[in-house]
Amino acid sequence: MFVLFSRIPTPKAKLDAESGFSRSQAGEVEVTVLDGRRCKLSLSHQMRLREVKELIRQQLQVPAGQQRLLFRGRDLTKTADEPDPRWGSLGVPFGEALQLVIVMYETGPASAPSVRSLKFDLTWTAIPTRLRNGKVTTHHLNGSCLVLDRNGRQAVDFQQRSYPGILHGGHSSIRSPKQSLTVDTAALPPDVRYLFFTLSGFAPGGVTLAVFQDPSVHLRDGVTKATLQSYTASGGGRNEEALVLCCAAKDPTDGRWTVQRVGAPSSGNKSNYDPLYVTVNSLVRNGKVV
């Protein structure tokens, strides 16, 4: 008489009852950021999304709560069936690239926004520069908001200081190297989808990113002036004239606004915004800024 025994799988090859993926299935994915940074992650199908975000935090110093991971335009968190899914259930093949969106702030839905008024303080460190004639001058930059809607585009800056729902605070000074824009999200025209906040020179051949020090955006509650988030982009050593610091994008389904870091260099200046519009339009893909 013979007794047949089923083969007991080893722990390494054993299938996880929750996901159906083998623990031995592992590989790499690449994570890219709009400011040019990137990293590679070694993952397994069994890892939880929170573990993946912790690896990103370690490598790119981005808090997990500010991370939105997109794969081919799909937000992996929003499309998952559970809050903390296993990586193998998200449908991202190894060897692929993910886009990391770094969220600075999210308002509530249009029906009950958490903060209606947002103030964007665009700042930099003033750099005294010696001119050819021996005189010393201090650079001033142009802080602007580029508005994209269904009908076209509009720049709000220290000369064109207003747009429905947007107000520019005016010139900077030697003692106050800052230009501010305040956005009332409820007063914006309904077809406005994207607001890009930029720093740039005033004319061709002027200031470049090579002399930008600490180009930053400080996002504040427009009413209480409390700081919600700050971001300092890397601007040194480049010959471009402008920098896209951040973007505010509206979700067309519920009217919620999300402010995210960008940090993308660009050509263009106060005298010619066209190259900046080319840059910001290139950042919008499938309704998302990536």
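Remember, predicted model here, so these are calculated numbers, not experimental data. (Residues numbered from 1 in each chain as written. Predicted model: local features only at pLDDT ≥ 70, side-chain atom pairs only at ≥ 80, totals over all residues. Heavy atoms only, no water.)

A.B. asks: Lay out the sheet that holds strand β11 (residues 162–163) with the relevant residues and their values.
C.D. replies: Across a sheet, paired strands are connected by hydrogen bonds in the backbone, their directions being either parallel or antiparallel. The strand order β11-β12-β13-β6-β15-β16 describes an open sheet built from six strands, whose pairing is antiparallel. Lying at the two open borders of the sheet, with one neighbouring strand each, are β11 and β16 (227–232). For strand β6 (residues 117–125) and strand β13 (residues 178–184), the ladder comprises seven bridges, and the chain directions are antiparallel. Within β13, the position partnered with K119 by the bridge is T182. (Pairing = 2+ DSSP bridges. Helix = DSSP H or I, 4+ residues; strand = E, 2+ residues; numbered from the N terminus.)

A.B. asks: So, unusual backbone geometry: which residues are in play, and what are the values?
C.D. replies: Although it is not a glycine, R72 adopts a positive phi angle of roughly 55°. Within the secondary structure layout, R72 lies in the loop between β3 (67–71) and β4 (74–75). Taking the relative accessible area as the measure of exposure, R72 reaches 60% and is therefore exposed. Phi at K225 takes a positive value of approximately 70°, unusual for a residue other than glycine. Locating K225 in the fold gives a position in the loop between β15 (213–221) and β16. (Buried < 20%, exposed > 50% of the residue type's maximum accessible area, 1.4 Å probe, protein only.)

A.B. asks: Break down the layout of surface pockets for me, with residues and values.
C.D. replies: Reported here for the largest pocket is a volume of approximately 360 Å³. Every residue lining the largest pocket is counted, 18 residues in all, and those nearest its centre are K78, A249, T258, G287 and K288. Top contributing element to the lining of the largest pocket by residue count: strand β5 (residues 97–106), with three residues. (1 Å grid on protein atoms, 1.4 Å probe; cavity = no way out; pocket = protein on both sides within 12 Å on 5 of 7 lines; lining within 4 Å. Points joined across faces, edges and corners; volume = space filled by probe spheres on them.)

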